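# Coordinate inspection notes
Residue-level listing of the chains:
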Amino acid sequence: MNVPQILTNATPWTLDHDHAVHPWVNFGAFERDGSLVLTRGEGCHVWDAAGTRYFDAIGGMWCTNVGLGRAEMAQAMADQAMKLAYTNYFCDVTSDTTALLAGKLAALAPGDLNRVFFTTGGSTAVETAIRTVAYYHHCKGNPQKTGIVARENSYHGSTYLTQSVGKRNGDRVEEFRYQSEGIYHLSSPYLYRRPAHLTEAQFCDQLIAEFEALIAREGADRIGGFIAEPIQASGGIIVPPAGYLQRMWEVCQRHDILFIADEVVTSFGRLGHWFASWDEFGVMPDMIATAKGLTSGYVPLGALLLSDRIWAVMAEGGQRWFTTGFTYSGHPVSCAVALKNIEIMEREDLLGNAARVGAYFETRLAELSALPLVGDVRGRKLMLCVESVADKESKALLPDEANESKRISATAEAMGLMVRPLGHLNVMSPALTITEGQVDFVVETLGKAIARVT
Ligand code: PLP
């Protein structure tokens, strides 16, 4: 690589430190420590600039589903770039590759989710879903039905609208302004931290009643959509109580509230299915937002899947315009990579592997609950975490200054394992190719790291 003369004394670390602004950067820590510079990846492993190898149990950012370093993914990219690198996708132009992917996604999606709106990533897929809610109800003659119901501990993206709809405590810094009008937040279905006097079933009843009370208070004619990650991801790997999602869906159906499943994390095999809503939770959403595992992170791409019912309402009348989209919507190179990604998953039965090895991971990780610092071990298949507490009985958290999850991750990293620190959690979402032997390494190394930090 040719480096400009002025930069010849610089290293990737100094260039990053002196010039980059990272997402979610903590200014103080970044100024002090800078970044870990990675230079190579293969399967579940990555290497840093000094040649040290790490097992990436984070899966990049929940996304390297088929694993890194696949030559055929790179080849698919190159072939498409040579054939047709780009085409305008607005209105009525497409590429053959983009059309093929639209058809493939419609075939993989549950029920009548047969329409695909391509986006640049997860945030733009969710943003489009939220805007579609208002558009759909307007077309049906209910222009007031625009309210969006979301939950505490949700993360739906980083655009202005999606970050207003999401609500993780750590993100709600005063300096950023959020839209609040017409956005409602219900309690998170956080089973581990439910009120102590409630059983799981009673907690579920309470959550449903909260939703119904909100609709009664605001009026069903003002609430247009409900958005949920089937398992809340970066809000804390929160698996809802049994039956919760189905019952929320039933409430939505009763009031013509569109159910948006944010499957940016849970689709493309993380829970052993193409999409988790129906196959894991028995819910048929009106829209599914997906990204990440769709291309296994090799290139950016997102998609919003829409039901035939929504399409029919929006298309009725014939003269309307759906005035939303991006220069890179339906990008042929991204779509070629997604098609290859799906082909690999099918050929190698990676969904089956995620289900089998994920079940083994759940069982093995549960062993860590015996450690004094561990309050909860939870998640499903390849979407798991441990939550640290100061006291197992009261579930009291350690003070933020204890920084225990960061110290656990740093200790694990020194032993060649990457797990993600997130509040008081350490989170794992490895590639779907993970083996039982690799699970053993992850659990044993994480266990040692937690024991050392205790
Ligand atoms: N939705 C969920 C559940 C996510 O976890 C994320 C990202 O982590 C997003 C949406 C936003 O996706 P992107 O970062 O691709 O915009």
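Heads up: the structure comes first, above all this text.
Below is a summary of the structure that appears in this document. The model shown is predicted, which means the values in this text are computed figures rather than measured ones.

Let's shift gears to helix α13 (residues 350-366). Here α13 is 17 residues long and its end C-alpha atoms lie 23 Å apart, about the 24 Å a rise of 1.5 Å per residue gives. Within α13 the residues assigned to the buried category are Leu350, Leu351, Ala354, Val357, Gly358, Phe361 and Leu365. On its buried face, α13 is in contact with α12 (332-347), β11 (374-380), β12 (383-388) and α15 (436-453).

What surrounds the ligand is a group of 14 residues, the closest being Gly121, Gly122, Ser123, Gly157 and Val264. Considering every element that reaches the shell around the ligand, the biggest residue donor is helix α6 (residues 122-139), with three residues. Here the shell around the ligand is built from residues that sort into six nonpolar, six polar and two charged.

Take the nonpolar core next. Membership of the largest hydrophobic core comes to 120 residues, with the highest contact counts inside it found for Met287 and Leu305. Sort the elements by how many residues they give to this core and α12 lands first, with eight residues. With sequence-adjacent residues up to four places away left out, methionine 287 is seen in contact with Ala129, Thr132, Leu258, Ile260, Leu304, Leu305, Leu306 and Ile310.

Before going further, it helps to examine unusual backbone geometry. The backbone of asparagine 153 sits at a positive phi, close to 65°, despite the residue not being glycine. Secondary-structure assignment places asparagine 153 in the loop between β5 (147-151) and α7 (160-165). A positive phi is found at aspartate 349, a non-glycine position, where the angle reads about 50°. Tracing the sequence through the fold places aspartate 349 in the loop between α12 and α13. Overall, the presence of 12 C-beta atoms within 10 Å leaves aspartate 349 in the exposed class.

Here is what the cut-offs are and how they apply
Residues numbered from 1 in each chain as written. Predicted model: local features only at pLDDT ≥ 70, side-chain atom pairs only at ≥ 80, totals over all residues. Helix = DSSP H or I, 4+ residues; strand = E, 2+ residues; numbered from the N terminus. Expected span 1.5 Å × (residues − 1). Buried ≥ 20, exposed ≤ 12 C-beta atoms within 10 Å, placed from the backbone. Contact = placed C-beta atoms within 7 Å. Near = placed C-beta within 6 Å. Nonpolar A, V, L, I, M, F, W, Y, C, P; charged D, E, K, R; others polar. Core = buried A, V, L, I, M, F, W, Y, C linked by C-beta atoms within 7 Å.

The analysis is restricted to geometry; functional conclusions fall outside its scope.
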